[in-house]
Amino acid sequence: IVLATTLPILTNSTKMVENFNIPTDTEVDQILQDTNEEQLCATIVDLLIYPLKSAKPIKLNTLEFDIIGPKFDRKWLITDEKGKAATLRRYTQIILIEPSFEDENLVLRAPGMDPLKIPLQREYPDDEIELITHFDATGTAIEESPEASAWVTKVMNQLDKPFRLMREAPGIKRRVADIVEIGGVPRDHVHDKTAGVNGFTDITSVLTVSVESVADLNGEIQKIHPEVELSYEDFRPNLVFSIEGGQAYAEDTFDEFRIGDVFFHSSFPRMRCRMTTIDKKTGKVRPSKEPLITLRKYRNSGGVALMGQNAHHTVKSTGGTIIIGDKVHVRKFKTFPHPLQLGV
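Residues numbered from 1 in each chain as written. Predicted model: local features only at pLDDT ≥ 70, side-chain atom pairs only at ≥ 80, totals over all residues. Heavy atoms only, no water.

In this structure, what is going on with the pattern of salt bridges? I would like to understand it.
Oppositely charged side chains are able to pair whenever their charged atoms sit close together. This structure, assessed with the given rule, holds 22 salt bridges. Ionic pairing is found between Glu38 and Arg331, a salt bridge with its closest N-O pair at 2.7 Å. Here Glu38, found in the loop between α2 (25-33) and β2 (39-49), pairs with Arg331, found in strand β23 (residues 327-333); they are 293 residues apart in sequence, far enough to count as distant. Comparing Glu38 with Arg331 shows no difference in burial state: the two are buried. (Salt bridge = Lys/Arg side-chain N within 4 Å of Asp/Glu carboxyl O. Helix = DSSP H or I, 4+ residues; strand = E, 2+ residues; numbered from the N terminus. Buried < 20%, exposed > 50% of the residue type's maximum accessible area, 1.4 Å probe, protein only.)

Here is the structure:
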């Protein structure tokens, strides 16, 4: 994991979402200032972004948000030659790619490969912007370069099948609401004014989990597999909480919450897949198939394992900032039976 304390400046974020119904700064101010019913429930203990989707994370001391999401989070994506996303669910070797920020570049490293240096800023010629698909939702992207695509193709060990390294580009954005509908979650559980849009994330702009929840899960797993110990990084969160009072899975109850000048609405529990069973050090699936086996025993919906929470954010057009040590102020708790509630 590469530790970074500051992020370079990202431009064009407003242009990327100009066709969507984004709250005005006045509306966001009203949301942020309505603090009367807030309760202090957690503290931020880690912040992570994943510049290249499915690769290793970068840990941050400060996480900046624009109206799309955490800056530089999942801005690059590997696709096949037909424009379909290639992710860790199928191509486990992607987890061996380690990103870092160096000067004004994103640098990718992989075992046995020379580093790939990618400028963070670039032009977006209209005739080079393409459509890509992920979870049947369409977005716009641009190929980073033929050299970058050749690099990821070699990493993928699929020289008979070319891959491409794509960067998020201005144009059509994948709306949270559309992706949620594709995933089978009722549309009325996504609020119009705080739903927002996203780039190459699976569903919502942010994923949350607590250290207490991961510790509890490890305790359950180790009753059968004492050699297995997961970290919260195995669940690929952006925001890692430490819960006041230490209650595991308390984050499941957070509905609306504020951290600094960023407001969040927690949509639904995160459905877990094969990706969580991949050892991030080796790129191979654990023989135990954990944590899915254990999660399905006590945290499941229709046989689907659940861990962490999907959340979408709202910020002013000037953005927002979260730092390690910030407090999580919950404004509203979940009080209704959710279609993806545990055991339903």
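The discussion continues.
It is not clear to me how the sheet that holds strand β7 (residues 105-109) should be interpreted in this structure. Could you clarify?
Hydrogen bonds between backbone groups are what pair the strands of a sheet, and the pairing can be parallel or antiparallel. Read across the sheet, three strands follow the order β6-β7-β8 without closing on themselves; strand pairing throughout is antiparallel. Of all the strands in the sheet, just β6 (98-102) and β8 (116-119) have a single pairing partner and so form its edges. Across the sheet, the mean angle from the axis of one strand to that of its neighbour is 25°, orientation sign disregarded. Bridge count for β7 against β8 is four bridges, and the pairing is antiparallel. The residue bridging Val107 from the neighbouring strand is Lys117, located in β8. (Pairing = 2+ DSSP bridges. Axes fitted to C-alpha atoms, helices over the stretch in contact; angles between N-to-C directions.)

Before we go on, may I ask you to explain the pairing of strand β4 (residues 62-65) in this structure?
In summary, the side chains of a regular strand alternate between the two faces of the sheet. Residues Leu63 and Phe65 point to one face of β4 and are all buried, whereas Thr62 and Glu64, pointing to the other face, are not buried. As defined by bridge partners, β4 adjoins strand β22 (residues 320-323) across four bridges and the pair is classed as antiparallel. Its bridge partner lying in β22, Glu64 is registered against Thr321.

Looking at this structure, how should I read the nonpolar core?
Among the nonpolar cores identified, the biggest contains 49 residues, and Ile78, Ile97, Leu165, Leu239, Phe241 and Phe264 are the most heavily contacted of them. Among the elements that take part in this core, β2 stands out by supplying five residues, more than any other. Counting residues in each nonpolar core, the second largest holds 16 residues, with Val214, Ile221, Val228 and Met307 among its members. (Core = buried A, V, L, I, M, F, W, Y, C linked by side-chain atoms within 4.5 Å.)

Even after reading the chapter, I still don't get helix α6 (residues 211-221), so can you show me in this structure?
An α-helical segment advances 3.6 residues per turn. Residues three or four places apart therefore align on the same side. Buried residues of α6: Glu212, Ser213, Val214, Leu217, Asn218 and Ile221, and no others. Close packing links the buried residues of α6 with β14 (206-210), β15 (239-243), α7 (292-298) and β21 (304-314). (Contact = heavy atoms within 4.5 Å.)

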